[in-house]
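Breakdown of the fold
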Amino acid sequence: MTVIDRLDALFPPDRVITDPVRLRTYECDGLTYHRATPMVVVLPETTEEIAAVVKVCAEFGVPFVARGSGTGLSGGALPRSDGVLIVTSRMRRIISIDLDQRRAVVEPGVTNLAITEAVRDRGYYYAPDPSSQQICSIGGNVAENSGGAHCLKYGFTVNHVLALEVVTPNGEIMEISEDDFGYDLLGAFVGSEGTLGIATKITVRLMRAPEAVTTLLAAFPNIEAGGQAVSAIVGAGIVPAAIEMMDALAIEAAEAAVACGYPPEAGAVLIVELDGPAAEVESQLAEVIAICVGTGSFEQRVAASADERAKIWKGRKSAFAAVGRISPAYIVQDGVVPRTSLGEVLAGIDALQVEFGIRVANVFHAGDGNLHPLVLFDDTAPGEGHRAEIVSGRILDLCILHGGSITGEHGVGVDKARYMPRMFTDADLDTMQRVRCAFDPGGRSNPGKVFPTPRLCGEVPRVRKGSPGEIF
Amino acid sequence: MDPELIKDCVHCGFCLPTCPTYLLWGEEMDSPRGRIHLMAQYNEGAEMSPEMAGHFDACLGCMACVTACPSGVQYDKLIEHTRPVVEREHTREPRDRAVRALVFALFPYPRRLRLVKPFTRLNRRLAPFLARVHPTLGALAELTPPRSRTRPLPSLVRARGRRRARVGLLTGCVQGAFFPDVNRATARVLALEGCDVVIPPGQGCCGALSLHSGYDAHKFAKRTIETFEKAGVDTVVVNAAGCGSSMKDYADVLADDPGWRRRAESLKVRDLAEYLVELGPVAERHPLPMTVAYHDACHLAHAQGVRAQPRELLEGIPDLKVREIAESAICCGSAGTYNLFQPAPARELGERKAARVEETGADLLVSANPGCTMQITAAMRRLGRPVMPVAHTAQVLDASLRGLGAVR
């Protein structure tokens, strides 16, 4: 009896994939740099089915990885060649919508945008909006604690998930809720990148659509001027729904992809969205425009209709994939810096471009200092991929140096596990491991992600001589 | 399968939500991203196994992914290059081969189609029996519309009023045989807008059916080009989305032959709605007090990028309201011969579309492709609810231009 025999007995044949050619289509998610063909793929349709698969994995001591739409950018859903890939793309029912309580219960394969679409005509929406919202699954959003342009004002996924039904790594079905007393297990689970189990039902907060929304596109001669405007806006006490910045190279790519019509001579554009009561939005807009003009903006456009607003956002939201138009290959980086260091970090990135002869396009959630440098390279030119990797890593070093972080919203996954020690001490990492071991003592739930060195939970974390306060 | 075109895909997944088969099955291999991955595997030496061929066959070729792709992946070209490889390297079951041969011996030949038409009255009663022989035959019987009278079209319809242009009209195979009124309406609308309409008699198939299924379309393309060259027109107006999209690809189809390629390039092909908007309206629009739901045919919206023009024309009719159909970017499942060769998913998609159409509460469905019209009508009939009448954009415009609104 093998794992596959057991799964064959549990599922109809079309929901267990073992054909090697089919399996290979699951070898990577949105990050194609890392690839591994899973031993087997299953397509469950219910919580109980997921629990059954996880129990089979426990019985055979086989690792499992959960995957939603496969759009993650840190390789969080990279399969294990010795493991089971549990794909939730067939679990896409919206189970209930309760507008009185302002919540909806959905299955993990439901796309982020589908939630908003289900309630939009009744004046509600789901706030976190990753750029891939039309396809990324809510289960993946929970795993990665995904953000998006509007997180500046409304917070990340963790601020919008009210309860979860999860399958633990030993196959038990458990409910955790923000109403629970004691430890904040919901807080621990959201953003755990699949290492604590699989979310099978997600209760999300629905927000009332604001009375007014206005979107401003401001063009600046260079990125420094745009950065000053960002600091000045936030410094003035305004909390826009979103402040996004794109540099000239990113603008060029977006224009090539979706003809978004941004001012072509701009060295940087800022997208500022304000929402709330109409009177407030109106007065803030005037203030924001004045600040932009004061910091050197030479053109400001205010979207006059929903269509115009969508067009402004289209340029920004398609920017990552759009870069494919101006470069054969690229790495999407994700780092965070304090807003006040934005200028210095960008200057540092410029220096790296010159040093390594590698172009970097910058797209970022400027309001909260979340950078998405896109490191461009030609994968057919010898050595260029390697240099791009170095530049990409050095950018993270810059982030850490300025008191930032190696990821804002894409997660650590497999891609950034190696950078974890640059940011955390051994003691930090050991503590995180203990949390993980409490949920997953067998280390079967998405192993090899987040932590730089996989370790079984039975192993005693290393004792560092002379460090006080150790418990071992 | 061109590795350069495959490389354009950055695996972002933005195509997934617009792919009909991904919507149905939620499987990577049945998404554009997954199929491109399969093409890459084939290039690396994987054989064209029945499994791999099955995933290519399951692709409708609706091109919604082309619209959705931010990286500009030319999936249309990729799948078009893949289909002949499937035909060459994958051996189908003898039964499947037989029905394919039948379909391709029938549909691209207007005269043969007209010969079988008298039997279509029996079709619906025969459908369950035929389905047991082969699902394709069942689908064929279920889809064909009831008989309609075909009167020969004149070879020239003169412009009314000041002549503004001279254009050719493609009559098409299915359009001509099953929806002859659409061609008559198209000719009238063009004439009323000031066009001399040249309708060369004895037109054959434009090659769309073959091109979209991996068969050789050269013969059809050359014949069609020749027909319109002889007729002395340099612009051909097409009222069937699938035909228009393949005719716009002629230069690609004939790329290997420079002489023919040049001839293909000098033939301007325009969809009817596209052409009328370019020309600008002059004829008086009479009111049509009704609500219509406009259906985007994939080969119009995705393959030709013609979305705004038909809506603009419809909205230009006084008293007529246009309603949008939810999930308008998702294929109805017709997709050329798809509903014949893949009847099960096609039926599911058809019913999904029919339900969305019904939700609009419109009086009339407007569809600019004969395949979609047959598919959605059959799906509405299956759902057992009142069947919404369906008309081509040309027929609605014709009614408005001729002031038939009051008669309705």
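Residues numbered from 1 in each chain as written. Chains lettered and ligands numbered in written order. Predicted model: local features only at pLDDT ≥ 70, side-chain atom pairs only at ≥ 80, totals over all residues.

1. Concerning the overall build of chain B
So the rule is basically this: Helix and strand definitions follow DSSP, with helices as H or I runs of at least four residues and strands as E runs of at least two, each counted in order from the N terminus. The globule rule is 2.2 Å times the number of residues to the power 0.38, and the radius of gyration it is compared with is taken over C-alpha atoms. Counting other C-beta atoms within 10 Å of its own, a residue is labelled buried from 20 upward, exposed at 12 or fewer, and partly exposed in the gap between, with every C-beta atom placed from the backbone.
Looking only at helices and strands, one finds 24 helices and nine strands in chain B. A globule of 408 residues ought to have a C-alpha radius of gyration of about 22 Å, and chain B, at 21 Å, matches this closely. Its C-alpha atoms give chain B principal-axis dimensions of roughly 65 × 55 × 45 Å. Counting the 408 residues in chain B, one finds 51% classified as buried.

2. A few points about the overall build of chain A
The following threshold applies: Residues are scored as being in contact if the C-beta atoms we place from backbone atoms lie within 7 Å.
Counting secondary structure elements, chain A contains 16 helices and 19 strands. Projected onto the principal axes, the alpha-carbon positions of chain A cover approximately 70 × 55 × 50 Å. Of all 472 residues assigned to chain A, the portion counted as buried reaches 51%. Look at the contacts in chain A between residues 6 or more apart in sequence, and 70% of them connect residues 24 or more apart.

3. Things to note about unusual backbone geometry
Residue and element names in this part refer to chain A. One non-glycine residue, Asn 145, lies in the positive phi region at around 50 degrees. Counting through the fold element by element, Asn 145 comes out in the loop between helix H5 (138-144) and helix H6 (151-154). The exposure class assigned to Asn 145 is buried, which follows from the 21 C-beta atoms found within 10 Å.

4. Some details on the confidence of the model for chain B
Parts of the prediction with low pLDDT should not have their coordinates interpreted in detail. All names here are of chain B. Just so we agree on the cut-off: What pLDDT reports is the predictor's confidence in each residue, on a scale of 0 through 100.
Here chain B shows a mean pLDDT of 90. Residues at 70 or above account for 97%. The least confident element of chain B, judged by mean pLDDT, is helix H9 (residues 120-133) at 73; the most confident is helix H3 (residues 32-43) at 97. Confidence estimates for the predicted assembly give a pTM of 0.91 and an ipTM of 0.91.

5. Notes on the pairing of strand E6 (residues 103-106) of chain A
All names here are of chain A. Put simply, the rule is: Any two strands are treated as partners once DSSP identifies two or more bridges connecting them.
Of the two faces of E6, only one is covered, namely that formed by Ala 104 and Val 106; the face formed by Arg 103 and Val 105 stays uncovered. Pairing of strand E5 (residues 94-98) with E6 involves four bridges; the strand directions are antiparallel. For Ile 94, the partnering residue across the bridge sits in E6 and is Val 106. In sequence, E5 turns back onto E6 through a hairpin of four residues, with Arg 102 there showing a positive phi of about 55 degrees. Bridge count between E6 and strand E10 (residues 198-205): four bridges; the pairing is antiparallel. When the sheet's bridge partners are listed, Arg 103 is paired in E10 with Arg 205.

6. Section: the packing of helix H12 (residues 180-192) of chain B against helix H24 (residues 393-401) of chain B
Residue and element names in this part refer to chain B. Quick note on the threshold: Axis lines are fitted through C-alpha atoms, for helices just across the contact stretch, and the angle between N-to-C directions can take any value from 0 to 180 degrees. In this scheme, roughly parallel covers angles under 35 degrees and roughly antiparallel covers those over 145, while 65 to 115 is roughly perpendicular and the rest are oblique. Working rule for handedness: look at the near helix, and if it is turned counterclockwise from the far one by less than a right angle, call the crossing left-handed; if clockwise, right-handed. Ten residue types, Ala, Val, Leu, Ile, Met, Phe, Trp, Tyr, Cys and Pro, are classed as nonpolar, four, Asp, Glu, Lys and Arg, as charged, and the remainder, Gly among them, as polar.
Between H12 and H24, whose axes approach to 8 Å, the crossing angle comes to 50 degrees. The orientation of H12 with respect to H24, classified from their angle, is oblique. Helix-helix and strand crossings are classified by hand; for H12 and H24 the assignment is left-handed. Contact with H12, carried on its side by Asp 181, Val 182, Ala 185, Thr 186, Arg 188, Val 189 and Leu 192, involves Ala 394, Gln 395, Leu 397, Asp 398 and Leu 401 of H24 and no other residues of that element. Partitioning the contact of H12 with H24 into residue classes produces seven nonpolar, two polar and three charged.

7. As for the interface of chain B and chain A
Often the size quoted for an interface is simply the accessible area lost on bringing the parts together. Contact residues are listed per partner, giving 24 residues for chain B and 29 residues for chain A. In terms of residue count, H3(B) provides more of the side of chain B that touches chain A than any other element does, four residues in total. A class-by-class count of the residues in the side of chain B that touches chain A yields ten nonpolar, nine polar and five charged.

8. Quick word on helix H14 (residues 218-230) of chain B
All names here are of chain B. Spelled out, the test is: Given the number of residues in a helix, its expected span is that number minus one, multiplied by 1.5 Å. To obtain the arc, one takes the directions from the helix axis to the C-beta atoms.
Under the 1.5 Å per step criterion, the end-to-end length of H14 is 18 Å for 13 residues, consistent within 8% with the ideal 18 Å. If you check which residues of H14 are buried, you get Phe 220, Ala 221, Thr 224, Ile 225 and Phe 228. The arc enclosing the buried residues of H14, seen along the axis, measures out at 130 degrees, which places them on a common side. Positive phi shows up at Gly 232, right after H14, with a value of about 75 degrees.

9. Some words on the sheet that holds strand E3 (residues 195-198) of chain B
All names here are of chain B. Strand order in the open sheet made by the five strands is E1-E3-E2-E4-E5, with mixed pairing throughout. Of all the strands in the sheet, just strand E1 (156-157) and strand E5 (268-271) have a single pairing partner and so form its edges. Looking at chain direction, strand E2 (residues 165-169) and strand E4 (residues 235-238) are connected through two bridges and run parallel. Its bridge partner being in E4, Leu 169 is matched across the sheet by Val 237.

10. Examining the domain arrangement of chain B
All names here are of chain B. The criterion, for reference: Domain limits in this description derive from either an automatic procedure or a database domain assignment.
When the domains of chain B are assigned, the result is domain 1 (3-89) and domain 2 (284-401). If you look at the interface, domain 1 gives 15 residues, while domain 2 gives 14 residues. Mapped by element, the contributors of at least two residues to the side of domain 1 that touches domain 2 are helix H2 (20-25) and helix H5 (64-68). With four residues, H2 is the single largest residue contributor to the side of domain 1 that touches domain 2. Looking at the side of domain 1 that touches domain 2, its residues break down into nine nonpolar, four polar and two charged.

11. Some words on helix H14 (residues 384-401) of chain A
All names here are of chain A. The first and last C-alpha atoms of H14 sit 25 Å apart over 18 residues, in line with the 26 Å expected at 1.5 Å per residue. Turning to H14, its buried residues number three or more, namely Ala 388, Val 391, Ser 392, Ile 395, Leu 396, Leu 398 and Cys 399. The buried residues of H14 occupy one face: seen down the axis, they fall within an arc of 155 degrees. Those residues of H14 that are buried lie in contact with strand E16 (329-332), strand E17 (335-336), helix H13 (342-356), strand E18 (359-365) and strand E19 (370-377). Downstream of H14 by a residue or two, Gly 403 has a phi angle that is positive, lying close to 80 degrees.

12. Observations concerning the sheet that holds strand E9 (residues 390-391) of chain B
Residue and element names in this part refer to chain B. The four strands are arranged E7-E6-E8-E9 in an open sheet whose pairing can be described as parallel. Lying at the two open borders of the sheet, with one neighbouring strand each, are strand E7 (320-324) and E9. Direction of pairing for strand E6 (residues 290-295) relative to E7: parallel, over a ladder of five bridges. Bridge pairing in E7 links Val 292 to Val 322.

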